[in-house]
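The primary structure of each chain is shown beneath.
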Amino acid sequence: MNRYIALEGIDGAGKTSVSTALALLLEEAGHEVVRVREPGGTAVGEGLRKILLDGPPVTSWAEALMFAAARAQLVVEVIRPALDRGAWVLSDRSVYSSLAYQGAGRGLGMDRVRRINQPGLRGTWPDVVVLLSVSPAEGLARQARPDRIGAQGVPFLRAVAEGFARLADEEPGRFAVIDAGCPMEQVVAGAWDALGVPG
Ligand code: TYD
């Protein structure tokens, strides 16, 4: 069954609102829901989040490795235990953000970034990726205060969006691509369908 769900998209796509709505629907259907965000969700991950989003400049590889480190900790401390006891995990971002932002956006290569993430994930990849698609200009306009990475500008976010689109093409069974420009109820309905909740 699909229980590890990742919400993805460029900055300003509206992932958090959609995740909140999905969590309510899942709970109404009687399921335990664990919500996480990347980077973050553990003491180590929150520390790395500060460095990554508000800290000093870092090289692209250092950035990619810190995202992978935060994720490795989150998988072991939170995601795997939740899935093992039958809960649903709703994650604001996942390894697919690293493939798109560091692999495509920073130009490190999606395959190379995939390889540095694999050992820490231990096979725990999202079952379903809900990709909220929005244009870079609109995404930036929706953000109150862009973080260090989201503030890279339109050409960077365009490369990230292209990375996400390529990933969705490569794995159509795992990805549900939803136009985030639609009214919220429509976006949530599309995302809910993609979850395949039984009953
Ligand atoms: P997030 O808190 O989701 O910000 P937003 O709500 O603006 O989308 O994500 C934090 C930032 O970190 C965002 O700019 C995307 C970036 N990021 C990466 O570059 N690589 C990653 O692996 C992850 C998880 C996030």
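Residues numbered from 1 in each chain as written. Predicted model: local features only at pLDDT ≥ 70, side-chain atom pairs only at ≥ 80, totals over all residues. Heavy atoms only, no water.

Chemist: Let's hear about the sheet that holds strand β1 (residues 4-8): which residues, and what values?
Modeler: Overall, parallel pairing links the 5 strands, which are arranged β2-β3-β1-β4-β5 in an open sheet. What marks the edges here is a single partner per strand, and that holds for β2 (33-37) and β5 (175-179). Along the sheet, successive strands turn relative to each other by an average axial angle of 20 degrees, direction set aside. Inspection of the sheet shows β1 paired to strand β4 (residues 128-133) by 4 bridges, in the parallel sense. (Pairing = 2+ DSSP bridges. Helix = DSSP H or I, 4+ residues; strand = E, 2+ residues; numbered from the N terminus. Axes fitted to C-alpha atoms, helices over the stretch in contact; angles between N-to-C directions.)

Chemist: Requested: an account of unusual backbone geometry, with residues and values cited.
Modeler: The omega torsion across E38 and P39 is -10 degrees, close enough to zero to call that bond cis. Here P39 is to be found in the loop between β2 and α2 (43-54). A positive phi angle is found at R93, which is not glycine, with a value near 80 degrees. Structurally, R93 can be placed in the loop between β3 (88-92) and α4 (95-105). On the accessibility criterion, R93 (12% relative accessible area) is buried. (Buried < 20%, exposed > 50% of the residue type's maximum accessible area, 1.4 Å probe, protein only.)

Chemist: So what's going on with the site of the ligand? Which residues, and what values?
Modeler: Around the ligand, a shell composed of 17 residues is seen, among which D11, K15, R49, R93 and S98 lie nearest. Taking Q102, its side chain carries an N or O atom lying 2.8 Å from a nitrogen atom of the ligand. A distance of 3.1 Å is found between an oxygen atom of the ligand and a side-chain nitrogen or oxygen belonging to D147. Of all the cavities here, the one that holds the ligand is the largest pocket. The set of elements that each furnish at least two residues to the shell around the ligand consists of α2, α3 (60-84) and α4. Ranked by residues supplied to the shell around the ligand, first place goes to α4 with 4 residues. (Near = heavy atom within 4 Å. Polar contact = N/O pair within 3.5 Å; in protein donor to acceptor, adjacent residues only side chain to side chain. 1 Å grid on protein atoms, 1.4 Å probe; cavity = no way out; pocket = protein on both sides within 12 Å on 5 of 7 lines; lining within 4 Å. Sits in = over half its atoms within 2 Å of the grid points.)

Take it as geometry only, folks, not as evidence of what the structure does.
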